[in-house]
Structures are given as structure tokens and as C-alpha cells.
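# An overview of the molecular structure
This is what each chain is made of:
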Amino acid sequence: MFRSNIHTIGVMTSGGDSPGMNPGIRAVVRAGLANGLRVIGIEDGYEGLLNARFKELGARDVGGILQRGGTFLRTARSMEFKTPEGQRKAIRNLNNAGIDALVILGGDGSLTGGMALAAQGVPVVGIPASIDNDIFGTDMCIGVDTALNTIVDAINKLRDTASSHNRAFLVETMGRHCGYLAVQAGIITGAEMVVVPEFETPFEEVATAVDEAYKRGKLHCIIVVAEGAKLNATELAQKLEEMKLGFDTRVTVLGHVQRGGKPTAFDRFLATRFGVKAVEFLLSGQTGVMTGLDGREIVPVPLSQVVSRPRTLSEEYMKMARMLAR
Ligand SMILES: Nc1ncnc2c1ncn2[C@@H]1O[C@H](COP(=O)(O)OP(=O)(O)O)[C@@H](O)[C@H]1O
Ligand SMILES: O=P(O)(O)OC[C@H]1O[C@](O)(COP(=O)(O)O)[C@@H](O)[C@@H]1O
Ligand SMILES: [Mg+2]
């Protein structure tokens, strides 16, 4: 049987916060303790790793956080960690504190950082946590479901105003270079059009969708635009206004409201499963991997694949959004 030489693990959150990080930390801590490990919380992501902001976590320290958005360990983006000197300092701090292995909850950038540490001999397991759902190797990241529900609530409300005033609303969703949130939200709110970075949408197509919705007698027109799209929501609105189509035009940039809030049941459960599996992977010697959701299973996905392969957006869902918007 494989005998682990891991006695103390560190857990940290990094990059943009996402709802479900807290349940993920809780699961890592409690699964670690259940397996006889010491668990050290690292505050402020890689920034805290570089400054040795470490605190030992017991079972009670992670009580009452399941339902809280954000991350009680806090998170950060760190330029210094990207440098070889920064990474050397991080490894020295881990060694000094007797931390044998790391669980990192974060997005693509954080997992790239985890890969760098793994390449230098640190046992690492990554947990995908980002509202963007832009990570290769997992069907879903922690936080996506909650963000999507927030977007849907917002669009439902905007639709009330859009129909009451006969307006076209351009709603900008987050996601960096990934249109996942926009497409899913477009389908489930019945948006007239979805614009994403992954597929080219000529402006004329957007204008035609707005014009046709007006001519068909629709009271409103909702266009969901991913933040990374070639023409952003504000630019599209300006161009549409110039065309003097039937609807008045307004823009709503949803922004950081999409990142906060209490995690949905789905996100809590996914985060919990990922956390438990992360500890299991570390103890069975499966390191340099990410916990990935593959259908119903949680599987180890090599970080080398995670960071080198782009996640593709389903063309089928784009077509579905377009077909159903009539
Ligand atoms: N190529 C990289 N090499 C090493 N560390 C990285 C790299 N990219 C990102 N990181 C670290 O991960 C942090 C979070 O990454 P970021 O892309 O901002 O968020 P996320 O992990 O949510 O995608 C960065 O601030 C940096 O410290
Ligand atoms: O909060 P910030 O630093 O302004 O960053 C905004 C970015 O963070 C996100 O909300 C989340 O991205 P990450 O998970 O990569 O951190 C993106 O959707 C958005 O582009
Ligand atoms: Mg990211």
C-alpha cells in the first residue's frame, strides 16, 4: 500500500474570489483532520505565501462558513509570485513552516502558479474555482452556478423594465476571454442574441436581431454580451443608437455582483466533493493534478494539461441560443 509522507498540508485561495471557495476550504480542512493531517491556512493567496501569512486551522475555524460567499482566507493577485525569485521564496516559506503539500483553490492563473510549484517538487492539488468556467479539464468550476443564478435574476428584472419601456438592453457578463456565462444566461433567459469572444458576430447581425425583434412586435430585446467580446456592450449600444432602430437602448454592466453571494446548493456540493477528493489525491500520491468534474465523477487531471489546453465553448449551445430566439 502507498504510504504518504505528507503530514501537514496548506490550503489557500487565489485569483478572483468565487462563491463556494469557503465550502471548499472547509472540506479540505475537515477531510485533512479526519485523515490525521495538520492543516495550515494560507491567507491572501500567493501574496500571503510570499509573506508567510500562515495560521493553523482546526475543525471549529471552518464552522459557519458553508453558506458564505467570498473566501475567509481572503485572496489576491500577486505579480511577485510570477517571478522565479518569488517562487523560490514561496518554497522556502513552505519548507520553514513544515508544510509538505498544498491545495490551491483558484482559476486558470492560480493553477498555472500551482503547476510552477509542482514542477519544482511541491506536491500540489488544484481545485478549479472561478466564475468564468474557462478551465480545461472540468465540466464546471466552483462559483459558476451561483454567478449564473445571479445573472439570471438580474436579467429577469431588467426584462421587466425593458418590456415596460419598449427598450433594448445590452447586458454585459463577466468571464474574461470566455463566453460561457453569456451563452448559458442567454439560453435560459430567452435573450434575443448572445455575443461572445469565441465566435465572430458581425455588428450587422446584432442590428438585424434588434430590428427584427421590434418588427415582430416584441416589447423588449435582451442582448447578452460577454465582457471579452470584440465589440463590448457599450460600443454595441452606441452603434445601435446611431441606427435609430425601434427600441431605445440601455446598457447594464453586471460587474462584480456576479462574483459575490451565498453559494448555491450545486456549488456547495461541488466544492465539498472537490475538497475531499483533493485530500484523497494528495494522500494517494496523485499530485500535480487538478480535481476535475467529468460527468458525475471527480477525476485527477494533470495540471500540465489544464494549463496548456484551451477550454472550448460549445457551438451547439450558441446555435441553440440563436434558434430559440424568435
Ligand atoms: N503564468 C503564471 N505563473 C505563475 N503564477 C501565475 C501565473 N499566472 C498567474 N499566476 C498567479 O496566480 C494569481 C492569480 O491568477 P489570476 O489569473 O489573476 O486569477 P485566477 O487564478 O482566478 O485565474 C496571479 O496573481 C499570480 O500570482
Ligand atoms: O476583480 P478584478 O481584478 O477587476 O478582475 C475582473 C475579472 O475577474 C473575474 O471576475 C474572475 O476571473 P478569475 O477567476 O480569472 O480571477 C473575471 O470574470 C473578470 O474579468
Ligand atoms: Mg482566470
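An unreviewed UniProt entry annotates the chain as ATP-dependent 6-phosphofructokinase of Anaerolinea thermolimosa. UniProt lists a comment for the chain under the heading Function (unreviewed entry), and it reads "Catalyzes the phosphorylation of D-fructose 6-phosphate to fructose 1,6-bisphosphate by ATP, the first committing step of glycolysis."

## A short note on the nonpolar core
Counting 84 residues, the largest nonpolar core has Ile 9, Val 11, Leu 49, Leu 102 and Leu 117 as its most contacted members. Counting residues per element, this core draws most heavily on helix 5 (residues 144-165), which supplies 8 residues. Apart from residues lying up to four places away in sequence, Val 11 is in contact with Ile 25, Val 28, Val 29, Val 39, Ile 40, Gly 41, Ile 42, Leu 57, Leu 73, Val 103 and Leu 105.

## Details of the site of ligand 2
Lining the immediate environment of ligand 2, one finds Gly 15, Gly 16, Arg 77, Asp 108, Ser 130, Asp 132, Met 174, Gly 175, Arg 176, Glu 227, His 256 and Arg 259. His 256 places a side-chain nitrogen or oxygen 2.8 Å from an oxygen atom of ligand 2. Within the side chain of Arg 259, an N or O atom sits 2.7 Å from an oxygen atom of ligand 2. In the complex, the protein chains occlude 79% of the 480 Å² of accessible area that ligand 2 would expose alone. When grouped by side-chain class, the residues that make up the shell around ligand 2 number 1 nonpolar, 5 polar and 6 charged.

## With respect to the UniProt feature "domain: Phosphofructokinase" (unreviewed entry) in the chain
Within this numbering scheme, the UniProt entry marks residues 9-282 as carrying the feature "domain: Phosphofructokinase" (unreviewed entry). In residues 9-282, helix accounts for 43% and strand for 17%; the two terminal C-alpha atoms are 9 Å from one another.

## Some details on the side chain of Arg 259
Residue position: Arg 259 is located in the loop between strand 9 (248-253) and helix 9 (265-283). Reaching out from Arg 259, the side chain makes a polar contact with the side chain of Asp 17 at a distance of 2.7 Å. Ignoring any residue separated from it by four or fewer positions in sequence, one finds Arg 259 in contact with Gly 16, Asp 17, Ser 18, Pro 19, Arg 77, Ile 131 and Met 174.

## A short note on the confidence of the model for the chain
Detailed reading of predicted coordinates is not advised where the pLDDT is low. Chain-level statistics for the chain give a pLDDT mean of 97 and a share of 99% at 70 or above. Here the complex is predicted with pTM 0.97, and the ipTM for its interfaces comes to 0.99.

## Some words on the packing of helix 7 (residues 203-215) against helix 8 (residues 233-242)
Taken N-terminus to C-terminus, the directions of helix 7 and helix 8 make an angle of 60°; their axes are 11 Å apart at the nearest point. Judged on the interaxial angle alone, helix 8 and helix 7 are oblique. Helix 7 and helix 8 meet at a crossing whose hand is right-handed. The residues of helix 8 that touch helix 7, namely those facing Phe 203, Val 206, Ala 207 and Val 210, are Leu 236, Lys 239 and Leu 240.

## Points about the site of ligand 1
Close to ligand 1 lie 15 residues, the nearest being Arg 77, Ser 78, Gly 107, Asp 108 and Ser 110. In the model, an oxygen atom of ligand 1 is placed 3.3 Å from a nitrogen or oxygen of the Gly 16 main chain. At a separation of 2.6 Å, an oxygen atom of ligand 1 approaches a polar side-chain atom of Asp 108. With the chains in place, 82% of the 550 Å² that ligand 1 exposes on its own is no longer accessible. Element by element, the count of residues in the shell around ligand 1 is highest for helix 4 (residues 108-119), at 5 residues. The residue inventory of the shell around ligand 1, partitioned by class, reads 2 nonpolar, 10 polar and 3 charged.

## Here we look at helix 8
Because each turn of an α-helix spans 3.6 residues, side chains separated by three or four positions in sequence point in the same direction. Those residues of helix 8 not exposed but buried are Ala 233, Leu 236, Ala 237 and Leu 240. Summarising the axial view, the buried residues of helix 8 lie within an arc of 100°, below the 170-degree limit, and thus occupy one face. Of the residues flanking the start of helix 8, the one acting as N-cap is Asn 232, its side-chain oxygen 3.0 Å from the backbone nitrogen of Thr 234. Positive phi shows up at Lys 244, right after helix 8, with a value of about 50°.

## Focus: the packing of aromatic side chains
Enumeration over the complete set of coordinates arrives at 2 aromatic pairs. Both rings, one in Tyr 46 and one in Phe 81, keep their centres 3.8 Å apart while their planes meet at 5°; by these two values the pair is stacked. Of this pair, Tyr 46 sits in helix 2 (residues 45-50) while Phe 81 is found in the loop between strand 3 (54-56) and helix 3 (84-96), placing the two residues 35 residues apart along the sequence. Taken as a pair, Tyr 46 and Phe 81 share a single burial class, namely buried. Ring centres of Tyr 214 and Phe 247 lie 5.1 Å apart, and the angle between their planes is 85°; this geometry places the pair in the edge-to-face category. Remark: Phe 247 occurs in the loop between helix 8 and strand 9 and Tyr 214 occurs in helix 7; sequence separation between them is 33 residues. What makes Tyr 214 partly exposed here is its relative accessible area of 37%. Over the ring of Phe 203 we find Lys 239, and its NZ or CZ is 4.9 Å from the ring centre.

## So, the domain arrangement of the chain
Taken domain by domain, the chain comprises domain 1 (8-143 + 263-306) and domain 2 (145-259). If you average the C-alpha positions of domain 1 and of domain 2, the two centres end up 34 Å apart. Taken together, the contacts link 15 residues of domain 1 with 12 residues of domain 2. For the pair domain 1 and domain 2, the two sides together bury roughly 1,200 Å², of which 52% comes from carbon and sulfur. Run the count over domain 1 and domain 2 and you get 1 salt bridge. One can count 8 residue pairs in polar contact (both at pLDDT 80 or more) joining domain 1 with domain 2. Of the residues assigned to the side of domain 1 that touches domain 2, the class counts are 5 nonpolar, 5 polar and 5 charged.

Criteria and thresholds
Residues numbered from 1 in each chain as written. Chains lettered and ligands numbered in written order. Predicted model: local features only at pLDDT ≥ 70, side-chain atom pairs only at ≥ 80, totals over all residues. Heavy atoms only, no water. UniProt positions renumbered as here; feature names shortened; annotations may be inferred. Core = buried A, V, L, I, M, F, W, Y, C linked by side-chain atoms within 4.5 Å. Buried < 20%, exposed > 50% of the residue type's maximum accessible area, 1.4 Å probe, protein only. Helix = DSSP H or I, 4+ residues; strand = E, 2+ residues; numbered from the N terminus. Contact = heavy atoms within 4.5 Å. Near = heavy atom within 4 Å. Polar contact = N/O pair within 3.5 Å; in protein donor to acceptor, adjacent residues only side chain to side chain. Areas by Shrake-Rupley, 256 points an atom, 1.4 Å probe, with all protein chains shown as cover. Nonpolar A, V, L, I, M, F, W, Y, C, P; charged D, E, K, R; others polar. pLDDT = per-residue confidence, 0-100. Axes fitted to C-alpha atoms, helices over the stretch in contact; angles between N-to-C directions. Parallel < 35°, antiparallel > 145°, perpendicular 65-115°, else oblique. Left-handed = near helix turned anticlockwise from the far one by under 90°. Arc of directions from axis to C-beta. Phe/Tyr/Trp six-rings, centres within 6.5 Å; stacked < 30°, edge-to-face > 60°. Lys NZ or Arg CZ within 6 Å of the ring centre and 35° of its normal. Domains from an automatic or database assignment. Buried area = accessible area lost by both parts, 1.4 Å probe. Salt bridge = Lys/Arg side-chain N within 4 Å of Asp/Glu carboxyl O.

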